[in-house]
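Notes for the structure review
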Amino acid sequence: MDRVWERTQDPARHQRWDLRFSRIAYLPGAEGEPQRFTYGVRVLPGLLVEGTGISAGERHRPDGTRTSALRFACRHPLSFLTEGRGYWRYVPCAEGGIRFLTGYDYEPRRGRPGRLADRLLFRPLMGWATAWSFDRLRLWCERGITPERALRRGLGEVAVRLAAVALAAWAALPAAVLLPPLPGTPAARRCLRRPPGRGPAATATATPPALLDRLERP
């Protein structure tokens, strides 16, 4: 429990495994008060979208669980969301492990188009990034695989999978070229490039008509 708490509550460690944040920094404050912080998300190389937030945690609860909650906001015009809130819940399991739970919600920017884009694209992407990051944290805590090493492994596996798809597509290329087109699809291969047969009839067929010679030049 202490290991998971440390790696999620310390901003330097948190930003290492959470794909949703590129930078997290605590702001000065009095002990015992909610913690204010700044965060940044790198949307492009050299471009960091920054926001602010406040968080509070309960490390000692009667039932043995721990909780952490936060609110955040971002005024940057390139930020897809304006404000949001979320929580983490740390639940000890009977077999000795930790069940790490989360819940969050946010307000997308740009009115109705933003809400539509959020439902179709951004929210599923955020859900994937959350789940992927949680599993990276699990590998760090359970198996000692650092977040940086886990990222390299993930990128390497994606590259291998893409290469396998490319090889499969290359192997299928001859079949795609040689298979005949459907009857209703135009195909150049159905037209002969030379007149069929031999002899005077074939030669006459390939000779330009006299009408061509009678046409005026444009």
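For the structure, check the block above.
The paragraphs below set out a description of the structure included in this document. Numbers given for residues are sequential positions, taken from 1 along each chain in its written order. Residue-level local features of this predicted model are given only where pLDDT is at least 70; pairs of side-chain atoms are given and counted only at 80 or more, and the full residue set underlies all totals for whole chains, interfaces and linings. The side-chain values count all of the structure's non-hydrogen atoms but skip hydrogen atoms and water molecules.

Attention now goes to helix α3 (residues 111-143). Here the bend at each residue means the angle between axes fitted to two seven-residue stretches, the one ending at that residue and the one beginning there. Helix and strand assignments follow DSSP, with helices taken as H or I runs no shorter than four residues and strands as E runs no shorter than two, numbered in order from the N terminus. Of all the bends in α3, the greatest measures close to 60° and is centred on Asp 118. Each residue gets one of three labels from its accessible area relative to the maximum for its type: buried under 20%, exposed over 50%, partly exposed in between, using a 1.4 Å probe on protein chains only. Considered for burial, the residues of α3 that qualify are Gly 114, Asp 118, Met 126, Ala 129, Thr 130, Ser 133, Phe 134, Arg 136, Leu 137, Leu 139, Trp 140 and Cys 141.

Here we take up a positive patch on the surface. Only residues whose relative accessible area exceeds 30% and that form no salt bridge are eligible for patches; like-charged ones are grouped when within 9 Å, while nonpolar side chains (Val, Leu, Ile, Met, Phe, Trp, Tyr) are grouped when within 5 Å. Using the Shrake-Rupley algorithm and a 1.4 Å probe, accessible areas are obtained, with residue cover drawn only from the displayed protein chains. Any Lys or Arg side-chain nitrogen found within 4 Å of a carboxyl oxygen on Asp or Glu counts as a salt bridge. His residues and chain termini do not enter the charge count, which takes Lys and Arg as positive and Asp and Glu as negative. Taken as the charge centre is NZ of Lys, CZ of Arg, CG of Asp or CD of Glu, depending on the residue. Among the surface-exposed residues, Arg 143, Arg 149, Arg 152 and Arg 153 lie close enough to one another that they form a single positively charged patch. The element best represented in the positive patch is helix α4 (residues 147-178), accounting for three residues. Locating Arg 153 in the fold gives a position in helix α4. Since its relative accessible area comes to 45%, Arg 153 is described here as partly exposed.

The phi dihedral of Arg 110 is positive, around 75°, even though this residue is not glycine. When you line up the elements, Arg 110 lands in the loop between β6 (98-108) and α3. Relative accessible area serves as the criterion here: at 47%, Arg 110 is assigned to the partly exposed category.

A word on the pairing of strand β2 (residues 35-44). Direction of pairing for strand β1 (residues 23-26) relative to β2: antiparallel, over a ladder of four bridges. Each bridged residue has a counterpart across the sheet, and for Tyr 26 the counterpart in β2 is Phe 37. Between any two strands, pairing holds if DSSP finds at least two bridges. Both β2 and strand β3 (residues 47-58) contribute to a ladder of nine bridges, which runs antiparallel. Within the sheet, the bridge partner assigned to Phe 37 lies in β3 and is Gly 53. The turn joining β2 and β3, which pair antiparallel and follow one another in sequence, is formed by two residues; a positive phi near 85° is taken by Gly 46.

On inspection of all chains with the given rule, the structure shows 16 salt bridges. Note that Arg 123 is salt-bridged to Asp 105, the shortest N-O span being 3.1 Å. Of this pair, Arg 123 sits in helix α3 while Asp 105 sits in strand β6, placing them 18 residues apart in sequence. With its nearest N and O atoms 2.9 Å apart, the salt bridge here joins Glu 157 to Arg 161. Of this pair, Glu 157 and Arg 161 both sit in helix α4, separated by four residues, roughly a single helical turn. The exposure class assigned to Glu 157 is partly exposed, which follows from its relative accessible area of 45%.

Following the sequence through the fold, Gln 35 ends up in strand β2. It is 6.1 Å that separates the C-alpha atoms of Gln 35 and Ala 56, two residues lying 21 residues apart in sequence. When checking whether two residues touch, look at their non-hydrogen atoms; a contact exists if any pair is within 4.5 Å. Excluding residues that lie within four positions of it along the chain, Gln 35 makes contacts with Tyr 26, Leu 27, Gly 53, Ile 54 and Ser 55. Looking at Gln 35, its side chain comes within polar contact range of the main-chain oxygen of Leu 27, at 2.8 Å. Side-chain atoms alone can form a polar contact between residues adjacent in sequence; in general such a contact is a pair of N or O atoms within 3.5 Å, and within protein one must be able to donate a hydrogen while the other accepts it.

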